[in-house]
Amino acid sequence: ICSAVSVATRRQHVATQMSAQEEKTKIPVSSHNEWDLLEEVIVGRAENACVPEFTTEVKANTYEKYWPFYQKYGGKPFPKKHIQKAVEEVEEMCSILQQEGVVVRRPDVVEWEKAFETPDFKSRGMYAAMPRDILIVIGNEIIEAPMAWRSRFFEYRAYRSLIKEYFTEGAKWTAAPKPLMSDELYDMNYPMHSVQDRHELAKKGQFVTTEFEPCFDAADFIRAGRDIFVQRSQVTNLMGIKWMERHLGPEYNLHQLTFKDPNPMHIDATFNIIGPGLVVANPDRPCNEMHLFKKAGWTVVEAPTPTRSDDLPLWMSSKWLSMNVLMLDEERVMCDKNEIPTMKMFEELGITTIPVDIQHANSLGGAFHCWTTDVRRRGELKSYF
Ligand code: ABU
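Residues numbered from 1 in each chain as written. Predicted model: local features only at pLDDT ≥ 70, side-chain atom pairs only at ≥ 80, totals over all residues. Heavy atoms only, no water.

Trainee: Explain the nonpolar core here, please?
Mentor: By size, the foremost hydrophobic cluster in this structure holds 51 residues, and its most contacted members are Phe78, Met93, Leu97, Met334, Leu364 and Trp371. Where this core is concerned, the elements lending two or more residues are strand E1 (37-43), helix H4 (67-73), helix H5 (80-99), strand E14 (326-329) and strand E16 (352-356). Looking at this core, the element that brings in the most residues is H5, giving 8 residues. Membership of the second largest hydrophobic core comes to 35 residues, among which are Ile42, Leu135, Ile142 and Phe221. (Core = buried A, V, L, I, M, F, W, Y, C linked by side-chain atoms within 4.5 Å. Buried < 20%, exposed > 50% of the residue type's maximum accessible area, 1.4 Å probe, protein only. Helix = DSSP H or I, 4+ residues; strand = E, 2+ residues; numbered from the N terminus.)

Trainee: Would you take a moment to explain helix H8 (residues 195-203) for this structure?
Mentor: In an α-helix, one full turn covers 3.6 residues, which means residues spaced three or four apart are oriented alike. For H8, the set of buried residues is Arg198, Leu201 and Ala202. End-on view of H8: buried residues confined to an arc of 100°, all on one side of the axis. Looking at the buried side of H8, the elements it contacts are helix H3 (56-59). (Arc of directions from axis to C-beta. Contact = heavy atoms within 4.5 Å.)

Trainee: Help me understand the sheet that holds strand E6 (residues 141-144) in this model?
Mentor: Read from one edge of the open sheet, 3 strands run E5-E6-E7, paired in mixed fashion. Of all the strands in the sheet, the pair left with one neighbour each is strand E5 (135-138) and strand E7 (172-175). Between one strand axis and the next, the sheet turns through 20° on average, direction left out of account. In the sheet, E6 pairs with E7 via 4 bridges, with the strands oriented parallel. If you follow Ile143 over to E7, its bridge partner there is Thr174. The strands touched by helix H7 (residues 160-168) are E5, E6 and E7; relative to E7, the strand with the most contacts, the crossing angle is about 140°. Running at roughly 160° to E6, helix H9 (residues 238-248) makes contact with E5, E6 and E7 of the sheet. (Pairing = 2+ DSSP bridges. Axes fitted to C-alpha atoms, helices over the stretch in contact; angles between N-to-C directions.)

Trainee: When you look at the pairing of strand E15 (residues 332-336) in this model, what are you seeing that I'm missing?
Mentor: Burial runs high along E15: 5 of the 5 residues are buried. As paired elements, E14 and E15 share 3 bridges and run antiparallel to each other. Paired with Leu326 across the bridge in E15 is Met334. The turn linking E14 back onto E15 is made up of 2 residues. Sheet analysis places E15 next to E16, joined by 5 bridges and oriented parallel. For Val333, the partnering residue across the bridge sits in E16 and is Thr353. One crossover worth recording links E15 to the parallel E16 by way of helix H11 (residues 340-348), and it is right-handed. (Right-handed = clockwise from strand over helix to strand, strands pointing away.)

All quantities given are derived from atomic positions and should not be read as evidence of function.
Structural data, given as structure tokens:
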């Protein structure tokens, strides 16, 4: 998939559809929203994925039923057979993307189990499965997020070969200030068991991460041209949001949204913008600012209840991965083959479904949106809100 020859061939295929002038000015990184025609995408890797050590921030973001699993496997590889299946599923997903005319790029294979130490903490790595968490493209710029989990401190290394290539070809490359991740970044007394306590704290904007320094996961942002929406979550703090707002400057409007969600982490299984003025919203996590979207004339569609069984574990997410879809353009969506009501919802919206099965890959915490970062979508910067 990653060979220079096949990438070049596919790029050439895309390029032949462009005018000579467009080709002359083409920049390797360019994406303004979640739905323009997808030309190039990074798809994550399950290879060598390790269970994060069971630290405070991991405990606050995982379901209690899986805590014994983290206690047993933290710092060790995920079960081998499961990962092998996930690798195969993701290979298949890449082939389908290619058949749909998308150039697919992959991060490097890294030994995540290796121990590391900074002046502030010791850890082992996790994975490069979810590029959406670490990378966000805004216009011609690719931004590396200052993520909050200690096990993800060195995750950027898997993407550096790709990002250097994009930079060489003309992209703007930014790494947001790397957090120290010392103990001050975490509320070590954060309530772990009481959902009611968490609801109360979430209402006050308090989460397991403090305001010691900026941190964010890129997946807490969702783009609609000049308007970008973000949530304060367990991994994205207000300083992180402020950093992004100041970094982007007056060309963009950054809107902070809040949801009735005691455990927010990543906006794309809560409020997924799938078209100009079109959102799929999670009915279990209603948005407190919905009136703004109604006022702007947007259509908000409630996601159907997920149908996934408990046969395979979801170590790092809820079943709402059913709505964590990837738009290939306004009329094509890559979605879960097993989620029939969700597929029906898309068909009713006039969107063609491209059903794919990545159920073992889902166990690592994401579906199609999480497993990808769109590098290039054909389209202009516009206002939709
Ligand atoms: N990483 C996306 C997980 C979102 C969710 O569980 O709702």
